[in-house]
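What follows is the residue order along each chain.
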Amino acid sequence: MAAALSCALWTTAALAQSETDLVAAFSGKWKVFDARFGKGDERCVLDLGKTSVEQNFSLGNAGCGGELAGAATWGIVDKQLALLGGGNLVLARLGGNQRRMTGTTAGGLPVILDRVDGTVDRLDTAVKTSGCYFLGFTNKCAPKEELGDPLVGDSAGSKKINVIVNLNVRAEARDDAGIVGAVPQGACVEVDTCLTASDGVWCQAQFGPKTGWLRKTALRKERWPIITFVNKCDAKQ
């Protein structure tokens, strides 16, 4: 069934399914919340269609800029879902589930696509109920400026964040991605890339030979909205 498709590379079981199942599972509208893939104040929306276009499928492109500006069709290339431009040029390779896809553009930029279907996110509901995001496991509300991308305005292109809870490190910027490690509460971590998704900011960092993603906003006990790190470390760290 389509629900089995939940990995960075399509599994053998997934590939054994018919092309019809793949199209049914991933067709529809997807939104890229990160501003670097939009046009001005617009955010990129990609409508993955079911109509065959040569060897691929139709794709609607609205408000997309940067490396996704020329996305015109989509298909499966080397066992990954691919966004394609003119001449079947691969613009981005993606994997994931029917709620979120993550991947990398041809230029090496990470990208996150979220499903557009009108579903109210649990995190949004919790924030409306609580009135704020809490600082880790405290009862203190996080200042508004702490909710944003820690790299914004940082001309050096890298920045240290202070992790305020014990935090899992994911292989991709998705909650169902594999755990590659954990960061202890109080750690200072240098991040090199951050992206904005439907559930807030995710930041990428290097952990020895591995690269992983840290989610900034989360739910504690499926009820309390929290931030997991703040945008700077103590000067001594």
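Right above here is the structure, for reference.
Conventions and cut-offs
- Residues numbered from 1 in each chain as written.
- Predicted model: local features only at pLDDT ≥ 70, side-chain atom pairs only at ≥ 80, totals over all residues.
- Heavy atoms only, no water.
- 1 Å grid on protein atoms, 1.4 Å probe; cavity = no way out; pocket = protein on both sides within 12 Å on 5 of 7 lines; lining within 4 Å.
- Points joined across faces, edges and corners; volume = space filled by probe spheres on them.
- Helix = DSSP H or I, 4+ residues; strand = E, 2+ residues; numbered from the N terminus.
- Nonpolar A, V, L, I, M, F, W, Y, C, P; charged D, E, K, R; others polar.
- Core = buried A, V, L, I, M, F, W, Y, C linked by side-chain atoms within 4.5 Å.
- Buried < 20%, exposed > 50% of the residue type's maximum accessible area, 1.4 Å probe, protein only.
- Disulfide = S-S within 2.5 Å.

Asks: Can you walk me through the layout of surface pockets in this structure?
Replies: Leftover empty space is mapped by rolling, across the atoms, a probe with the size of a water molecule. In this structure, the largest pocket spans a volume of roughly 940 Å³. Residue assignment for the lining of the largest pocket shows that the elements contributing at least two residues are strand E8 (110-115), helix H3 (122-130), strand E11 (167-170) and strand E16 (217-220). Of the residues contributing to the lining of the largest pocket, the split by class is 11 nonpolar, 7 polar and 17 charged. Here the second largest pocket is characterised by a volume of approximately 160 Å³. Along the wall of the second largest pocket there are 16 residues; nearest its centre are Thr-102, Gly-103, Thr-104, Ala-171 and Glu-172.

Asks: Just checking my understanding: could you explain the nonpolar core for this structure?
Replies: Among soluble globular proteins, nonpolar side chains are generally buried collectively. In this structure, Val-183, Val-189, Val-191, Leu-214 and Phe-229 are the most contacted members of the largest nonpolar core, which totals 26 residues. Broken down by secondary-structure element, the contributors of at least two residues to this core are strand E10 (159-163), E11, strand E13 (188-197), strand E14 (200-207), strand E17 (224-227) and strand E18 (229-230). Among the nonpolar cores identified, the runner-up in size contains 23 residues, and Phe-26, Val-32, Leu-48 and Leu-83 belong to it.

Asks: Would you mind going over empty space enclosed by the protein with me for this structure?
Replies: Per the counting criterion, the structure on display carries 1 cavity of 30 Å³ or more. The volume enclosed by the largest cavity comes to roughly 30 Å³. What lines the largest cavity is Val-32, Asp-34, Phe-37, Pro-110, Val-111, Ile-112, Leu-195 and Thr-196. When contributions to the lining of the largest cavity are tallied by element, the ones reaching two or more residues are E8 and E13. With 3 residues, E8 is the single largest residue contributor to the lining of the largest cavity. For the lining of the largest cavity, the residue count by class is 6 nonpolar, 1 polar and 1 charged.

Asks: For this particular structure, what's the right way to read the state of the cysteines?
Replies: In this structure the tally under the stated criterion is 4 disulfides. The partner cysteine of Cys-132 in its disulfide is Cys-141, sulfur to sulfur 2.1 Å. Taking the torsion about the S-S bond as the criterion, the Cys-132 to Cys-141 disulfide, at about -70°, is left-handed. Here Cys-194 is linked by a disulfide to Cys-203, with a sulfur-sulfur distance of 2.0 Å.

Remember that the coordinates give geometry; whether it matters functionally is a separate question.
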